[in-house]
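Chain and residue survey
Below are the chains, spelled out letter by letter.
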Amino acid sequence: MVGKKYALGFASSLTLLAAATSVAAYESAEPCTVPLKLVNIGNEQSPEYKLGIYVGLGGGRPMLYEFDTGGPGFWAAYTQDQGGKPGGRKGQWWGSFVTVQNDALSISYTSGNEYKANLVDTVVALYEPHGSGFAKQCESAVPIGVAQITEFADKKKPKKMRAWNKALATGKPPLFGHFYGDFGAALYPIMTADKSAGVYSSLPQLPQSGLTNGFIVHVGPLGHSTRPTLQVGLTDEDMRSFSTQLPMNPTCETAGGTPEAPSSSCPPYPNFPVGNMPTYSEQITNANLSWEYGGSSNSQAFSSVGLTLDTGAPSTTIWQNDALYVEPQFIRQPQGTGPYTGNFKSKADFKISTPGVDGLAFTFKTGQTKTVNQVAANVRKNDGGPTWSGYMNTGLMFYTHYDVMFDLEHSVVGFRPVQ
């Protein structure tokens, strides 16, 4: 936490930096590559995998945050108790920051987690574990917006709020028992209540001098020695290595992250505050979906379905509506009266594809193992979270088969089969 005297000086410095050197955020000549940590938040019998990334705030000690390409903005836990011991060390893990707006941000996740937060400006740095400590790999050249969590809730499971507060009080990671918040990498923001500002992904705002603004997520097969990594900044060689490149979907404020061309009734989000990159939809691109079970006579096919490429979702899910639905014969134990919900039967042939010689052509047989082959059919009710549907969330599973490149400058998302 910073005092008022420091905050005024810090804010003045930020204004001068932003006004004088818009290029100051681009000092790096090489891509910044950091490891991602594969974390099982379930158990050995029923694993649920997520990715973690080590991030430091305002010069503070780096902590592990969930790396979430389906989540908008960086939401970081915070406690005013200076006697807490996050990471086994006494003291607050945040360093310097300036509060921009108090209690100005809120978000709800499909998991049921809800946050309220202050919008603050702070320097964001990415780290790699090194021996018993950490080595800084890159950091923002100026302070950037972060959602500093002030309140956690889960309407589905109220006991989780007590667990969250207890974890912070005892110096333990409050999110899934492993993370200190959600490092969102979706390419649209969550705006403040008065729409004057927003919290955006940190990645397009990190230094990328001489590089194309974007990032690459590499996970690789589960259970193998491949080390998951995040690369910030793209070289020409990187871009040539992704033979499949599809256009990114635009978005606008009223659509709330869904594909929607900006218009007078749905104005575009402001560009990223640092780097001036445009924003894009959470349903980042479109693909054709099809599945069959027991032969082509028992099949379904849908064209141009939105894809959310979400590292933060352990499960692959088709979020249904009237135009995208799964017939009950494909579901193990169908529930409801339509659209029917439940997991796909095992050994259905599932395909995600796009047209063209260099199009996407991903096929697999469904099963009952999360992050490997399980596909769920679900519907979303108006529970305070997103209410739009009619798209597919690939979950982390897709990243075990393809490296994914997000190229903001050329408005494309690229796919490269994992070797």
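Read on for a plain summary of the structure. Treat the numbers as computed from the prediction; the structure is a model and nothing was measured.

1. Looking at the side chain of threonine 371
Structurally, threonine 371 is set in the loop between β22 (361-365) and β23 (375-378). Of note is the side chain of threonine 371, whose polar atom sits 3.1 Å from the backbone oxygen of proline 314. Not counting residues within four places of it along the chain, the set of residues in contact with threonine 371 comprises Tyr49, Leu222, Pro314, Leu396, Met397 and Thr400.

2. Describing the sheet that holds strand β26 (residues 412-417)
Pairing is antiparallel in the open sheet, where six strands are placed in the order β1-β15-β14-β25-β26-β16. Two strands close off the open sheet at either side, each with one partner strand: β1 (32-35) and β16 (244-247). Geometrically, the sheet is characterised by an average inter-axis angle of 20° between neighbouring strands, direction not taken into account.

3. Some details on the environment of asparagine 393
Mapped onto the secondary structure, asparagine 393 falls in strand β24 (residues 391-393). The spacing of asparagine 393 and alanine 313 is 80 residues in sequence and 7.8 Å in space, taken between C-alpha atoms. When near neighbours in sequence (up to four residues on either side) are disregarded, asparagine 393 contacts Thr308, Asp310, Ala313, Ser315, Thr316, Thr317 and Trp319. One polar contact links asparagine 393 to aspartate 310, side chain to side chain, over a distance of 3.0 Å.

4. Describing the pattern of salt bridges
If you walk through the whole model with that rule in mind, you get seven salt bridges. Put simply, arginine 416 and aspartate 403 hold a salt bridge, and the shortest N to O gap is 3.1 Å. Residue arginine 416 is found in strand β26, and its partner aspartate 403 is found in strand β25 (residues 402-407); the two are separated by 13 residues along the sequence. Assessed through its relative accessible area of 6%, aspartate 403 is described here as buried.

5. Some thoughts on the nonpolar core
Tyr65, Trp75, Leu126 and Leu230 are the most contacted members of the largest nonpolar core, which has 100 residues in total. Beyond its immediate sequence surroundings of up to four residues, leucine 230 is in contact with Cys32, Thr33, Val34, Leu36, Ile53, Phe67, Leu126, Leu203, Phe215, Ile216 and Val217. Judged by nonpolar contacts, the second largest core, of five residues, contains Ile216, Leu234, Met239 and Met405.

6. Overview of the environment of proline 259
Tracing the chain through its elements places proline 259 in the loop between β16 and β17 (285-292). As a C-alpha pair, proline 259 and glutamate 282 span 23 residues in sequence and 7.7 Å in three-dimensional space.

7. A few points about the state of the cysteines
By the definition in use, this model includes two disulfides. Disulfide pairing is shown between cysteine 32 and cysteine 138; the S-S distance is 2.1 Å. Around the S-S axis, the bridge from cysteine 32 to cysteine 138 shows a dihedral of about -75° and counts as left-handed. Of this pair, cysteine 32 sits in strand β1 while cysteine 138 sits in strand β9 (residues 133-139), and the two are 106 residues apart along the sequence. Judged by relative accessible area, cysteine 32 falls into the buried class, the value being 6%. Exposure remark for cysteine 138: the relative accessible area of 14% places this residue in the buried category. Covalent S-S linkage joins cysteine 252 and cysteine 266, the inter-sulfur distance amounting to 2.0 Å. Taking the torsion about the S-S bond as the criterion, the cysteine 252 to cysteine 266 disulfide, at about 95°, is right-handed. Highlighted residues: cysteine 252 in the loop between β16 and β17 and cysteine 266 in the loop between β16 and β17, separated in sequence by 14 residues. For the pair shown, cysteine 252 and cysteine 266 are each scored as buried. Disulfide connectivity for the protein chain, with bonded cysteines indexed by sequence position, reads 1-2, 3-4.

Cut-offs applied
Residues numbered from 1 in each chain as written. Predicted model: local features only at pLDDT ≥ 70, side-chain atom pairs only at ≥ 80, totals over all residues. Heavy atoms only, no water. Helix = DSSP H or I, 4+ residues; strand = E, 2+ residues; numbered from the N terminus. Polar contact = N/O pair within 3.5 Å; in protein donor to acceptor, adjacent residues only side chain to side chain. Contact = heavy atoms within 4.5 Å. Pairing = 2+ DSSP bridges. Axes fitted to C-alpha atoms, helices over the stretch in contact; angles between N-to-C directions. Salt bridge = Lys/Arg side-chain N within 4 Å of Asp/Glu carboxyl O. Buried < 20%, exposed > 50% of the residue type's maximum accessible area, 1.4 Å probe, protein only. Core = buried A, V, L, I, M, F, W, Y, C linked by side-chain atoms within 4.5 Å. Disulfide = S-S within 2.5 Å.

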